[in-house]
Amino acid sequence: MRSIVNRHLLGSVVTLLASVSCISGKDDLDETAADETDTDTDADTDTDTDTDVDTDITDPYDDSGVFYFLADFTTDGGELTSASFGYGMYDLRADDWSCVIQGSMAYEGPAPAGCPECDWSFDLGPVEGSLAVGPRCDDFFENGYVDGAFDYAWGFSEAWTYDYEGTPLLLENVLHMYYEGVWIQFAFNYGAQVWVTGDAASISVARPIADGYSGYP
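Residues numbered from 1 in each chain as written. Predicted model: local features only at pLDDT ≥ 70, side-chain atom pairs only at ≥ 80, totals over all residues. Heavy atoms only, no water.

**Observations regarding the overall build of the protein chain**
Here comes step 1: Counting secondary structure elements, the protein chain contains 2 helices and 12 strands.
Here comes step 2: Walking the protein chain from its N terminus toward its C terminus, one meets helices and strands in the order α-β-β-β-β-β-β-β-α-β-β-β-β-β.
Here comes step 3: For the protein chain, with 217 residues in total, the buried portion stands at 50%.
Here comes step 4: At a minimum sequence separation of 6, the contacts of the protein chain that also span at least 24 residues come to 62%.
Here comes step 5: Accessible surface, the protein chain: about 10000 Å² in total, of which carbon and sulfur atoms supply 47%. (Helix = DSSP H or I, 4+ residues; strand = E, 2+ residues; numbered from the N terminus. Buried < 20%, exposed > 50% of the residue type's maximum accessible area, 1.4 Å probe, protein only. Contact = heavy atoms within 4.5 Å. Areas by Shrake-Rupley, 256 points an atom, 1.4 Å probe, with all protein chains shown as cover.)

So this is what it looks like as structure tokens:
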């Protein structure tokens, strides 16, 4: 098992569209392109003043499995019903989850403007009441591990086209996150890559956490 200490989890987000470029044969896609998706020229202001307290994971890749970001959002007529966020450790040998930890995120108000072609968007509070469930949670997480993290605005588009140097790349089931003043694409489906299931009324997200040296499973 390799160790990564004090790693910021969101550091992997800017590599997401780079993974799309690999699938589409565009290996040299600028990794910062995800930050260029906010086409709203108005002065968007994130009303959140909380500091970034996202939890870091040590050893994001275990010999037997892979860590994932996990999220669930349900809505009714465009209004938030429930939202949760957390992590999961998937055991590749057992073909099952070793441990899953998720907590709820409460509605705090409207999201900042500019969410790209979003069906819904909300400003949500940090994770609360996270519970660890699974046969190996003693090895990975304990109750409350994610609490206080991921205080962001979120949005969802059933389809959104990313313009890569004049070449349109159609992403589906896109979960957007408002990060440092811009909307970035936290998870999406592209070709055989499926990280988000469901539709605007109810989505579930399982997105591998990139460690900077390993490929996705």
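Read on, since the account is not over.
**Notes on the state of the cysteines**
Here comes step 1: By the definition in use, this model includes 2 disulfides.
Here comes step 2: Bridging Cys99 to Cys137, the disulfide has an S-S length of 2.0 Å. Classification of the bridge connecting Cys99 and Cys137 rests on its S-S torsion, roughly 100°, and on that basis the disulfide is right-handed. Of this pair, Cys99 sits in strand β4 (residues 96-104) while Cys137 sits in helix α2 (residues 137-140), placing them 38 residues apart in sequence. Cys137 carries the same exposure label as Cys99, and that label is buried.
Here comes step 3: Each sulfur in the disulfide pair Cys115 and Cys118 lies 1.8 Å from the other. An S-S torsion of about -55° defines the bridge between Cys115 and Cys118 as left-handed. (Disulfide = S-S within 2.5 Å.)

**A closer look at the side chain of Thr75**
Here comes step 1: In this fold, Thr75 is placed in strand β2 (residues 65-76).
Here comes step 2: Of note is the side chain of Thr75, whose polar atom sits 2.8 Å from the backbone oxygen of Ala200.
Here comes step 3: Filtering out sequence-adjacent residues up to four positions away, Thr75 remains in contact with Leu80, Thr81, Trp120, Phe122, Ala200 and Ala201. (Polar contact = N/O pair within 3.5 Å; in protein donor to acceptor, adjacent residues only side chain to side chain.)

**Side note on the packing of aromatic side chains**
Here comes step 1: Counted according to the given criterion, the structure contains 28 aromatic pairs.
Here comes step 2: Aromatic side chains Phe69 and Tyr87 sit 6.1 Å apart centroid to centroid with 45° between the ring planes, which places their arrangement in the tilted category. In this pair, Phe69 sits in strand β2 while Tyr87 sits in strand β3 (residues 79-91), placing the two residues 18 residues apart along the sequence.
Here comes step 3: Residue classification places Phe69 among the buried residues on the basis of a relative accessible area of 0%.
Here comes step 4: Note on Tyr87: relative accessible area 0%, which makes it buried.
Here comes step 5: Judged by centre distance (5.4 Å) and plane angle (45°), the rings of Phe188 and Trp195 are tilted. In this pair, the class of Phe188 matches that of Trp195, namely buried.
Here comes step 6: The lysine or arginine in question, Arg207, covers the ring of Trp195, its NZ or CZ lying 5.9 Å from the ring centre. (Phe/Tyr/Trp six-rings, centres within 6.5 Å; stacked < 30°, edge-to-face > 60°. Lys NZ or Arg CZ within 6 Å of the ring centre and 35° of its normal.)

**Notes on the pattern of salt bridges**
Here comes step 1: Summed over all chains, the structure comprises 2 salt bridges.
Here comes step 2: Residue Arg136 pairs with Asp91 through a salt bridge whose shortest N-O separation is 3.9 Å. Residue Arg136 is found in the loop between β7 (128-133) and α2, and its partner Asp91 is found in strand β3; the two are separated by 45 residues along the sequence.
Here comes step 3: The salt bridge involving Arg136 is made with Asp139; its shortest N-O contact spans 3.2 Å.
Here comes step 4: A relative accessible area of 51% means that Asp139 is categorised as exposed.
Here comes step 5: Connected via shared salt-bridge partners are Asp91, Arg136 and Asp139. (Salt bridge = Lys/Arg side-chain N within 4 Å of Asp/Glu carboxyl O.)

**What to know about the sheet that holds strand β6 (residues 120-124)**
Here comes step 1: Taken in spatial order, the 5 strands make up an open sheet running β5-β6-β8-β9-β10, and their pairing is antiparallel. Since the sheet does not close on itself, it has two edges, and those belong to β5 (107-110) and β10 (182-189), each with one partner. Geometrically, the sheet is characterised by an average inter-axis angle of 50° between neighbouring strands, direction not taken into account.
Here comes step 2: Inspection of the sheet shows strand β9 (residues 167-179) paired to β10 by 6 bridges, in the antiparallel sense. Residue pairing for β10: Tyr178 is matched across the bridge by Trp183. (Pairing = 2+ DSSP bridges. Axes fitted to C-alpha atoms, helices over the stretch in contact; angles between N-to-C directions.)

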